[in-house]
Amino acid sequence: QVQLVESGGGLVQAGGSLILSCAAFDDISRFQSICWYRQASGNERAWVATMSSGGTIDYASSVKGRFAISRDNAKNTVYLPMNSQKPEETAVYCCRAVEVTNIYWGQGIQVTVSS
């Protein structure tokens, strides 16, 4: 069982920045992809960004240009710096790792953007 642990969330003012981390207690190079999702209260979970094992990156259109997924294989950690944040981006953010047919989720972390 792979364990993913998010950190770096909290309260930020609109226009501010946070950096989320997703630490895997395993070798992240074994995963085909690692993604970030978010779920606002009362809404469905929404995809935010993906990084594949080959380094291909993709973003939801709403965050493109403001968020930047990256990884540090030596630390088995994936990062999500978030800039110019908006109040409507208040949500629980979680990371997901895919290994063949296995999908692993972190427990999620709250990000609150105040107006």
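Located above this text is the structure these notes cover.
Just so you know, these numbers come straight off a predicted model, no measurement behind them.

**Q** Explain the state of the cysteines here, please?
**A** Simply put, disulfide is the name for a covalent bond between the sulfur atoms of two cysteines. Taken as a whole and assessed by the stated rule, the structure comprises one disulfide. Note on cysteine connectivity: Cys22 is disulfide-linked to Cys95, with sulfurs 2.0 Å apart. Residues Cys22 and Cys95 share a disulfide whose torsion about the S-S bond is about 70 degrees; that sign makes it right-handed. Of this pair, Cys22 sits in strand 3 (residues 18-24) while Cys95 sits in strand 9 (residues 91-99), placing them 73 residues apart in sequence. Both residues of the pair, Cys22 and Cys95, count as buried. Not part of a disulfide, Cys35 finds its nearest cysteine sulfur in Cys95, a span of 9.6 Å.

**Q** Could you clarify how one ought to interpret the nonpolar core in this entry?
**A** The tendency in soluble globular proteins is for nonpolar side chains to be buried side by side. With 31 residues, the main nonpolar core has Trp36, Leu80 and Tyr93 as its most contacted residues. Those elements that provide at least two residues to this core are strand 3, strand 4 (33-39), strand 5 (46-52), strand 8 (77-82), strand 9 and strand 11 (109-114).

**Q** Where do I start with the pairing of strand 8 in this structure?
**A** Note on strand geometry: in a regular strand, side chains alternate between the two faces of the sheet. The sheet contact formed by strand 3 and strand 8 spans six bridges and is antiparallel. Residue Ile19 lies in a different strand from strand 8, and its bridge partner there is Pro81. As judged from the three bridges shared by strand 7 (residues 70-72) and strand 8, these two strands associate in the antiparallel manner. In the strand pairing of strand 8, Arg71 is matched with Val78. The antiparallel pairing of strand 7 with strand 8 creates a hairpin that spans four residues between the two strands, and Asn76 there sits at a positive phi of about 50 degrees.

**Q** Just checking my understanding: could you explain the side chain of Asn76 for this structure?
**A** Mapping Asn76 onto the fold places it in the loop between strand 7 and strand 8. For Asn76, a relative accessible area of 19% corresponds to the buried category. At 3.1 Å, the side chain of Asn76 forms a polar contact with the backbone oxygen of Asp26. Discounting residues that sit within four places of it in the chain, Asn76 has contacts with Cys22, Ala23, Ala24, Asp26, Asp27 and Ile28.

So, how was this worked out
Residues numbered from 1 in each chain as written. Predicted model: local features only at pLDDT ≥ 70, side-chain atom pairs only at ≥ 80, totals over all residues. Heavy atoms only, no water. Disulfide = S-S within 2.5 Å. Helix = DSSP H or I, 4+ residues; strand = E, 2+ residues; numbered from the N terminus. Buried < 20%, exposed > 50% of the residue type's maximum accessible area, 1.4 Å probe, protein only. Core = buried A, V, L, I, M, F, W, Y, C linked by side-chain atoms within 4.5 Å. Pairing = 2+ DSSP bridges. Polar contact = N/O pair within 3.5 Å; in protein donor to acceptor, adjacent residues only side chain to side chain. Contact = heavy atoms within 4.5 Å.

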